[in-house]
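Take a look at the letters that make up each chain.
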Amino acid sequence: MTTLYWKKTDRTRLQKLAFRFTSGTLLLSLLLIGGCQSLMTPKPDSQQEEEVEVIKSENDQREYRALELDNGLRVLLISDPDTDKASAAMDVAVGSGSDPVGREGLAHFLEHMLFLGTEKYPEADEYQSFINQHGGGHNAYTAYDHTNYFFEVDAEALEPALDRFSQQFVAPLFTPEYVQREINAVHSEYTAKIKDDGRRFFSVLKESMNPEHPMAKFSVGTWTTLADREEQPIRKDLIEFYNTYYSADIMSLVVYGKEPLDTLESWIRPRFSDVPAHDTGDARTYTRENIWKKEQLPLLVTTRPIKEKRSLTLLFSTPPTRPEYRTKPLYYLSNLIGHEGEGSLLSWLKDQQLAEGLSAGLFSADDNESVFSINIQLSPDGYANWERVVADTFAYIELLKSNPLDQWRFEEQRTMLQTAFRFQDKAAPIHYASGIASRMKDFKTPEVLVAPYLMEDFRPDNIRRFLDALNPENLVTLIQAPDAEVDKEDPWYNAAYAIRPLDTAAIQAAASPSPELALPVPNPFIPEDLSLLEGDSLPLPVRLAGFEDIEAWYARELTFKAPKASFYLSIRTPEANRNARSLVLTELYASLAREQLTEFAYPASLAGLDFRLYKHQRGLTLRIDGFSEKQGVLLKEILKTLTELNYDPELFERFRQDLARDLRNSLKNKPFERLATLTRGYLIHPYWNETQQLEALEDLSLEDLKAFVPELFERLDLVTLSIGNVSESVATENNRIVREELLETHKPVQVRKSQIRRLPAGLQYFSADTQHPDVAYLKLVQGPSKGYPDRAMMGLISQIIGPAYYNQIRTEAQMGYVVFATPFTMMEVPALAFIVQSPGTPAAEIHSATREFLSQFENVLKTMPSEEFSRHKEALITRLTEEDKTLEQRADRYWTEIDVGNPQFNSTQKVADEVAAIGQEDLIRHF
């Protein structure tokens with residue numbers, strides 16, 4: 001239930017690697033890509049002995065320099081003269097695995113404390129405030145074996161930002177008055193995620209692990225684990241941990257700026273050479289223990305999640321993969337086990353109504369072992385027959401073992417990795433720097449960029465060594481289901497679970513290869529023509545001639561020098577959002593279409609060509625992104641499926657139940673996420689909430705959907721965008737196909753946008769009852785109009801007020817871990833939201849503190865030095881006018897402008913121009 005609080009006296013008055021495994025495949029992330037070349041930038045002769053070559057993509061125009069400082073700190077400098085943002089990241093090769101017994105969460109607590117003042121910059125918010133005033137952001141995370149700190153600022157502010165950043169590793173204060181406050185913040189972070197199924201899953205899994213392995217420890221921290229004890233104050237343990245582990249010889253620094261390499265080096269040497277170096281060899285956590293002892297296996301772990309979900313996870317201990325990064329044996333296997341095409345394990349399980357999704361890949365890796373994971377999202381029938389699902393999985397593994405390991409499959413995978421590395425999309429500097437810094441501990445410096453993409457030698461005997469590890473006697477099986485058998489609760493998240501030996505006899509007896517299972521055929525979507533079109537990019541998209549019945553936009557865009565393109569199609573229809581019933585029927589239609597396309601389109605995704613089909617406020621959107629050569633083939637099949645849908649009754653019922661489950665699960669989201677959703681629902685008109693959608697779903701039948709689809713497509717408003725390495729003739733042909741498939745028998749119509757409600761005067765804040773112990777609070781302030789001046793004013797207030805609100809409510813008042821003031825713009829209506837999730841403070845108290853903060857903030861604006869005010873303006877202008885890093889970013893920006901009806905494609909520039917014109921007194925009046 002949403003509660004709206006009003007004034008009694010005035011009733012009228014809610015974010016970055018090179019690669020990851022999903023659905024068993026390498027998704028070509030837009031971070032690192034390119035064919036290889038070496039780069040060694042000349043340096044002064046006195047330092048030549050420190051330099052090594054760094055292998056980079058042939059299309060990567062950035063310059064790199066790797067060096068090692070006298071204290072042992074490894075450094076990678078990146079010079080990019082075209083960047084408008086600069087960044088740095090420090091990775092420390094120690095994490096929660098090194099927490100002392102009884103001080104669980106100490107490494108995580110140290111990560112928090114490191115931001116709160118140094119000898120040179122003692123103010124707790126100095127680092128954060130500087131970053132914000134210069135258009136940036138910062139964060140950190142603590143993993144099992146490393147801790148990663150990173151920031152991003154406007155390119156001109158890199159040197160002073162580095163000065164502040166370096167001091168955290170040279171001379172942090174660990175100010176006593178902030179110790180208890182930050183313990184509260186760590187505890188708030190813990191409680192904020194106490195009902196997070198991911199955290200609960202891993203906590204239960206830790207209960208099954210070898211207790212002598214460091215991964216088995218709780219790692220977040222609480223009031224209890226971080227409390228002062230007699231003769232053992234937490235600050236003393238904190239400083240001892242820092243002095244023991246935070247040593248330059250196990251740190252890796254990446255600095256990304258627009259300056260020449262010599263300049264970047266001159267900045268980092270005096271600042272980071274003072275990072276102390278210790279002998280950490282015996283102190284850090286190394287182990288020869290396996291995560292699970294052999295005598296424990298095979299093992300069955302069952303647990304009950306908070307949300308309604310059913311999953312089966314199979315974990316296998318394998319030889320360590322780190323020495324195998326040049327050959328990637330587990331990558332070869334995950335591509336086969338996780339395949340979703342015809343004859344795949346997933347297709348077979350779907351045909352039997354046992355599974356809804358499947359992924360395979362690396363679960364964890366250290367110097368001693370790796371753990372390989374197969375995760376299967378089960379249907380209700382799949383959960384009831386989970387032993388059969390495990391047997392079918394082993395049947396597919398047996399198929400792999402009984403067939404030759406073909407070199408052509410290896411070559412196919414290697415080709416795509418090489419293509420991915422060759423055509424690298426520029427990542428945001430903050431993500432690029434952080435990702436590289438985290439890899440520097442695992443790879444030799446020359447290969448730190450290319451290592452995730454190396455697949456050099458086909459060694460079938462080595463692949464089979466890993467394949468042999470995938471056997472029932474080496475298995476940990478974890479089942480999540482609402483009614484799973486449980487008999488215990490884990491001590492940290494109160495997650496119900498049970499652990500017992502796994503009986504593999506029945507599973508092994510049932511594991512025989514099925515004739516329905518088959519290995520993948522050669523991929524027809526692997527691009528062959530990787531050439532770029534001739535000519536220049538168009539400065540802006542233009543309307544294609546000859547399409548009066550389609551709003552068809554085209555832009556030849558070659559700026560990013562990759563043979564990629566994007567095709568967007570918005571199918572607007574007045575029936576899609578007429579009521580809750582039409583909304584869920586549209587969603588079910590899209591689900592059936594996506595499922596029907598899976599086997600055909602999955603090989604395309606392996607080859608770097610993806611599609612998305614999803615519902616929006618006015619209908620459906622189709623997006624195709626990736627290598628341009630074979631996009632037309634995929635587009636034709638998608639449109640054919642949309643118009644010739646196979647109405648499978650079993651699939652319809654599955655998706656009807658899935659949608660109902662997802663809607664019920666959304667009610668269990670984190671409180672602040674739930675509150676943001678409720679607020680959006682209050683503002684948007686028309687809007688159909690989860691309860692209304694669930695009611696509409698109850699009695700829907702397949703016949704209802706069959707009757708609805710002709711109505712859905714009877715009147716259409718079609719908008720397209722073709723952009724990238726695509727000629728005008730190809731764009732014209734793609735639009736002709738759209739016309740033939742969708743408009744031949746249907747009428748064009750204008751479909752108006754949803755509207756945003758004006759907040760009634762006197763509405764104080766939003767709060768909500770949720771299934772979570774934490775309280776969530778949201779105060780929303782709308783701007784007066786959609787006009788560019790008001791959007792600029794609200795943007796500048798958000799730029800200035802965000803860090804101050806965070807510092808006051810989180811750092812000083814300690815009201816919660818989740819605290820932020822953020823733009824909440826919807827459909828061009830500017831707004832600012834103040835959001836807090838608290839483990840113990842009532843919403844009314846948060847509101848009182850927020851009102852007090854706002855009442856004092858006007859004086860902050862009045863007394864702000866003009867230089868600081870100017871810095872905030874410049875930071876916001878830089879954010880608004882930041883160059884697109886990738887083709888998809890540019891396509892998204894153009895698509896948004898098309899949606900709002902701005903053919904000049906310059907909304908952000910107009911807002912930036914208005915920001916430049918704002919005077920300090922103007923902003924105070926607006927505030």
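Now for a quick tour of the structure. Residue positions are given per chain, counting from 1 as you read along its sequence in written order. For a predicted model such as this one, the threshold for reporting local features is a pLDDT of at least 70, and the threshold for listing and counting side-chain atom pairs is 80 or more; totals across whole chains, interfaces and linings nevertheless cover every residue. Hydrogens and water are ignored here; the side-chain numbers use all heavy atoms of the structure.

**Brief notes about the pairing of strand 6 (residues 63–68)**
For step 1, the next point in the chain: Two strands pair if DSSP finds at least two bridges between them. Helix and strand definitions follow DSSP, with helices as H or I runs of at least four residues and strands as E runs of at least two, each counted in order from the N terminus. Pairing geometry for strand 6 and strand 7 (residues 74–79), over 6 bridges, is antiparallel. When the bridges of strand 7 are listed, leucine 67 appears paired with valine 75.
For step 2, the next point in the chain: The antiparallel hairpin formed by strand 6 and strand 7 contains 5 residues in its connecting segment, where glycine 72 sits at a positive phi of about 95 degrees.

**Structural notes on the sheet that holds strand 12 (residues 299–303)**
For step 1, the next point in the chain: Strands sit in the order 14-15-13-16-12-18-17 across an open sheet of 7 strands; the sheet is mixed. If you trace the sheet from one side to the other, it starts and ends with strand 14 (355–365) and strand 17 (488–489), each paired once.
For step 2, the next point in the chain: Where strand 12 meets strand 16 (residues 475–480), 5 bridges bridge the pair, whose relative direction is parallel. Within strand 16, the position partnered with threonine 303 by the bridge is glutamine 480.
For step 3, the next point in the chain: In what follows, a contact means two residues having at least one pair of non-hydrogen atoms within 4.5 Å. Note on method: axes are straight lines fitted to C-alpha atoms, helices fitted across the in-contact stretch only, with angles between N-to-C directions ranging 0 to 180 degrees. Packing against the sheet, helix 11 (residues 386–402) makes contact with strand 12, strand 13 (311–318), strand 15 (370–378) and strand 16, and its axis sits at approximately 45 degrees to strand 13.

**Describing the pattern of salt bridges**
For step 1, the next point in the chain: Think of a salt bridge as a Lys or Arg side-chain nitrogen and an Asp or Glu carboxyl oxygen that are within 4 Å of each other. Across all of its chains, the model carries 68 salt bridges by this definition.
For step 2, the next point in the chain: Here aspartate 442 and arginine 322 are joined by a salt bridge, their closest N and O atoms 3.8 Å apart. Taken together, the residues span a long stretch of sequence, with aspartate 442 in the loop between helix 13 (429–439) and helix 14 (460–468) and arginine 322 in the loop between strand 13 and helix 8 (329–337) at a distance of 120 residues.
For step 3, the next point in the chain: Put simply, lysine 753 and glutamate 828 hold a salt bridge, and the shortest N to O gap is 3.3 Å. Note that lysine 753 is positioned in the loop between strand 26 (747–748) and strand 27 (755–756) and glutamate 828 in the loop between strand 30 (818–823) and strand 31 (831–838), a separation of 75 residues in sequence.
For step 4, the next point in the chain: Residue lysine 753 is classed as partly exposed on the basis of its relative accessible area, which comes to 23%.
For step 5, the next point in the chain: Connected through salt bridges with shared partners, the residues Lys350, Glu356, Glu595, Arg654, Asp658, Arg661 and Asp662 form a single ionic network. Accessibility here uses a 1.4 Å probe with only protein chains present; expressed as a share of the type maximum, an area under 20% marks a residue as buried, one over 50% as exposed, and anything in between as partly exposed.

**Regarding helix 23 (residues 788–812)**
For step 1, the next point in the chain: Between the first and last residue of a helix there are one fewer steps than residues, each counted as 1.5 Å, and that sum is the expected span. Along its 25 residues, helix 23 runs 35 Å from first to last C-alpha, staying within 8% of the 36 Å computed at 1.5 Å per residue.
For step 2, the next point in the chain: To obtain the bend at a residue, axes are fitted to the seven residues ending there and to the seven starting there, and the angle between these axes is taken. Taking the largest bend as the criterion, helix 23 deviates by roughly 40 degrees, centred on isoleucine 801, and proline proline 803 comes between one and four positions later.
For step 3, the next point in the chain: One or two steps after helix 23, the chain reaches glutamine 814, where phi turns positive at roughly 55 degrees.

**Focus: a negative patch on the surface**
For step 1, the next point in the chain: Exposure above 30% relative accessible area and the absence of a salt bridge qualify a residue for a patch, where like charges join within 9 Å and nonpolar side chains (Val, Leu, Ile, Met, Phe, Trp, Tyr) within 5 Å. Computed with a 1.4 Å probe, the accessible areas rest on the Shrake-Rupley method; for each residue, only the protein chains presented here act as cover. Asp and Glu are treated as the negative residues and Lys and Arg as the positive ones, with His and the ends of the chain left uncounted. Each charge is placed at NZ for Lys, CZ for Arg, CG for Asp and CD for Glu. On the surface, Glu68, Asp70, Asp249 and Asp279 cluster together into a patch of negative charge.
For step 2, the next point in the chain: Tracing the backbone shows aspartate 279 in the loop between helix 7 (261–272) and strand 12.
For step 3, the next point in the chain: For aspartate 279, a relative accessible area of 73% corresponds to the exposed category.

**Some points on the environment of aspartate 82**
For step 1, the next point in the chain: Tracing the backbone through its elements, the reader meets aspartate 82 in the loop between strand 7 and strand 8 (85–92).
For step 2, the next point in the chain: Judged by its relative accessible area of 67%, aspartate 82 is exposed.
For step 3, the next point in the chain: In this structure the C-alpha to C-alpha distance between aspartate 82 and tyrosine 242, which are 160 residues apart in sequence, comes to 37 Å.

**Description of the side chain of asparagine 523**
For step 1, the next point in the chain: Counting through the fold element by element, asparagine 523 comes out in the loop between helix 15 (505–510) and strand 19 (542–543).
For step 2, the next point in the chain: Polar contact is defined as a pair of N or O atoms within 3.5 Å, subject to the rule that within protein one atom must be able to donate a hydrogen and the other to accept it, and that residues adjacent in sequence are counted only when both atoms are side-chain atoms. Among the polar contacts made by the side chain of asparagine 523, one reaches the main-chain carbonyl oxygen of proline 603 at a distance of 2.8 Å.

**Side note on the packing of helix 23 against helix 27 (residues 907–917)**
For step 1, the next point in the chain: Where helix 23 meets helix 27, the closest approach of the two axes is 8 Å, and the angle between their N-to-C directions is 70 degrees. When the axis of helix 23 is compared with that of helix 27, the two are roughly perpendicular. The two elements helix 23 and helix 27 meet at a crossing, and its hand is right-handed. Only Ser907, Lys910, Val911, Glu914 and Val915 of helix 27 make contact with helix 23, whose side of the interface consists of Tyr788, Pro789, Arg791 and Ala792.
For step 2, the next point in the chain: Residue composition of the contact of helix 23 with helix 27, by class: 5 nonpolar, 1 polar and 3 charged. Angles are sorted into four bins: roughly parallel if under 35 degrees, roughly antiparallel if over 145, roughly perpendicular if 65 to 115, and oblique for all others. Left-handed describes a crossing whose near helix is turned anticlockwise from the far helix by less than a right angle; the clockwise case is right-handed. Gly counts as polar in this scheme, as do all residues outside two lists: the nonpolar Ala, Val, Leu, Ile, Met, Phe, Trp, Tyr, Cys and Pro, and the charged Asp, Glu, Lys and Arg.

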